[in-house]
Amino acid sequence: MKPLTIAIDGPVGAGKSTISDAVAKRLGILHLDTGAMYRAVGLCAMERGIDPRDEEKVSELCVAGGARVDVRYDGGRQITLLNGRDVSREIRTQEAGQAASTVSRYAAVRRMMVRRQQELAAGQAMLLDGRDIGTVVLPDATLKIFLTASPEVRAKRRMLQLREKGDETPFEEILEEVNARDRQDMNRPLDPLRQAEDAVRIDASDMSFDAAVQAIIDQLEVRHDAE
Ligand code: DC
C-alpha cells in the first residue's frame with residue numbers, strides 16, 4: 001500500500017509550518033518544511049556574497065554542488081543542513097526568507113529541491129508543506145490542503161512575532177511585505193503558488209490554531225471514509 005502523504009500549500013504567514021507540525025505530530029508522521037530548504041539555498045548565496053537575484057551564479061552554485069541542502073530528523077524534529085552544517089536557526093531571518101523567495105524562481109534550484117523532497121517522501125508516511133507540493137512534488141498525495149488567510153490576518157500575525165522580538169516595524173510596512181511576497185510566489189513562471197485542483201481550501205483567517213489543525217485531520221478522515 002502507498003504510504004500516507006499529505007501536501008499543505010499556501011501563502012506566507014498562513015501558519016503552515018506550525019499547523020503542519022501539529023498535524024504531523026497528531027498523526028505520528030514526519031513533517032518536511034520545504035521552505036526551509038529554499039531558505040538554506042538563499043542563505044548559502046548570501047554567505048558567499050552572491051546576489052540572490054543573480055540567476056547564473058546561484059544556479060552555478062547548485063549545479064556545482066556548492067549548496068548541498070539536506071534534512072535529518074532528531075526526535076521527530078527537522079534539522080536543515082547546508083553542506084553538512086546545521087542552519088535551522090540562521091534560515092529564520094526575514095532576509096533569508098526574501099532570498100529564498102528570489103532563488104526559488106530558478107529552474108536549477110527547483111529541480112534540485114523537488115528531487116530531494118520526492119526522495120525523502122518516497123517509502124515513508126510524511127507531511128510536506130510548501131508552495132508546490134500538491135501541484136508538483138506530490139501530485140498523487142493522499143490529501144492536499146491549500147491553507148490560507150487574508151493578507152491582513154497574516155500581516156498581523158507577523159507583526160505580533162516581530163513585536164515579541166522588540167521589532168517595531170509599522171503594520172503597513174509588514175502588510176506590504178506580505179503582499180510583495182505573495183506577488184513574487186504567485187507570479188513566477190516556474191511552479192507558482194496555486195491551489196491544486198483536487199486540494200481542499202481552508203481559510204484560517206477566523207480559526208484558532210487548534211481548529212485549523214482539527215480541520216485538516218477531519219479532511220483526512222473524510223478521505224478515509226470515502227475509500
Ligand atoms: O515557507 P517559507 O516562507 O519558509 O518559504 C520561503 C520561500 O521559499 C517562499 O517565499 C517561496 C519558496 N518556496 C517554494 O518556492 N516552494 C516551496 N515548496 C517552499 C518554499
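Up top is the structure these notes are about.
Nothing here was measured: the structure is a model prediction, and the numbers come from that model. (Residues numbered from 1 in each chain as written. Predicted model: local features only at pLDDT ≥ 70, side-chain atom pairs only at ≥ 80, totals over all residues. Heavy atoms only, no water.)

Trainee: Before we move on, can you summarise the overall build of the protein chain with the specific residues and values?
Mentor: Each helix and strand counted, the protein chain has nine helices and eight strands in total. Here the C-alpha radius of gyration of the protein chain, 17 Å, is about what a compact globule of 227 residues would show, namely 17 Å. With the C-alpha coordinates aligned to their principal axes, the bounding extent of the protein chain is approximately 50 × 45 × 35 Å. Here the protein chain holds 227 residues, and 48% of them are scored as buried. Long-range contacts, defined as pairs at least 24 residues apart, comprise 73% of the intrachain contacts of the protein chain with a sequence gap of at least 6. As displayed, the protein chain offers around 11,400 Å² of accessible surface, 50% of which is attributable to carbon and sulfur atoms. The average position of the 33 basic charges and that of the 38 acidic charges among the side chains of the protein chain differ by 3 Å. (Helix = DSSP H or I, 4+ residues; strand = E, 2+ residues; numbered from the N terminus. Rg over C-alpha atoms; globule rule 2.2 N^0.38 Å. Buried < 20%, exposed > 50% of the residue type's maximum accessible area, 1.4 Å probe, protein only. Contact = heavy atoms within 4.5 Å. Areas by Shrake-Rupley, 256 points an atom, 1.4 Å probe, with all protein chains shown as cover. Lys, Arg positive; Asp, Glu negative; His and termini not counted. Charge placed at Lys NZ, Arg CZ, Asp CG, Glu CD.)

Trainee: Tell me about helix α7 (residues 151–164), and name the residues and values.
Mentor: Here α7 spans 20 Å end to end across 14 residues, near enough to the 20 Å set by a 1.5 Å rise per residue. Regarding α7, the residues found buried are R154, A155, M159 and L162. For α7, the arc enclosing every buried residue in end-on projection is 140°, short of the 170-degree limit, so these residues lie on one face. The exposed set on the far side of α7, more than 90 degrees from its buried face, consists of L160 and E164. Taken from the residues just after α7, G166 is the one with a positive phi, measuring 80°. (Expected span 1.5 Å × (residues − 1). Arc of directions from axis to C-beta.)

Trainee: Report on the environment of Q214, specifying residues and quantitative values.
Mentor: Within the secondary structure, Q214 is located in helix α9 (residues 209–226). Q214 gets classed as partly exposed once you look at its relative accessible area, which sits at 28%. Distance in space between the C-alpha atoms of Q214 and Q184 is 30 Å, their sequence separation being 30 residues.

Trainee: Tell me what's going on with the sheet that holds strand β5 (residues 85–86), and back it up with residues and numbers.
Mentor: Ordered by their spatial adjacency, three strands build an open sheet running β3-β4-β5, and the pairing between neighbours is antiparallel. Across the chains shown, the open sheet's two edge strands, defined by having one partner strand only, are β3 (69–74) and β5. Relative to strand β4 (residues 77–82), β3 runs antiparallel, the two sharing six bridges. Within β4, the position partnered with D74 by the bridge is R77. In the packing of helix α2 (residues 34–47) onto the sheet, contacts are made with β3, β4 and β5, and the angle to β4 comes to roughly 30°. (Pairing = 2+ DSSP bridges. Axes fitted to C-alpha atoms, helices over the stretch in contact; angles between N-to-C directions.)

Trainee: Summarise the site of the ligand; cite the residues concerned and give the values.
Mentor: Close contacts around the ligand come from 14 residues, with R39, R110, D132, R181 and R188 the closest. Take T34: an N or O atom from its side chain is 3.0 Å from a nitrogen atom of the ligand. At 2.9 Å, a side-chain N or O of R110 approaches an oxygen atom of the ligand. Notes on the ligand: free accessible area 440 Å², of which the protein chains cover 97%. Going through the elements one at a time, α2, α4 (94–103) and α8 (171–187) are the ones with two or more residues in the shell around the ligand. Counting residues per element, the shell around the ligand draws most heavily on α2, at four residues. Grouping the amino acids of the shell around the ligand by side-chain chemistry returns two nonpolar, five polar and seven charged. (Near = heavy atom within 4 Å. Polar contact = N/O pair within 3.5 Å; in protein donor to acceptor, adjacent residues only side chain to side chain. Nonpolar A, V, L, I, M, F, W, Y, C, P; charged D, E, K, R; others polar.)

Trainee: Tell me about the packing of α2 against α4, and name the residues and values.
Mentor: Running from amino to carboxyl end, α2 crosses α4 at an angle of 100°, the nearest separation of the two axes being 7 Å. Regarding the angle of α2 to α4, the classification is roughly perpendicular. Across from Y38, R39, V41, G42 and M46 in α2, the residues of α4 making contact are E95, A96, G97, A99, A100 and V103. (Parallel < 35°, antiparallel > 145°, perpendicular 65-115°, else oblique.)

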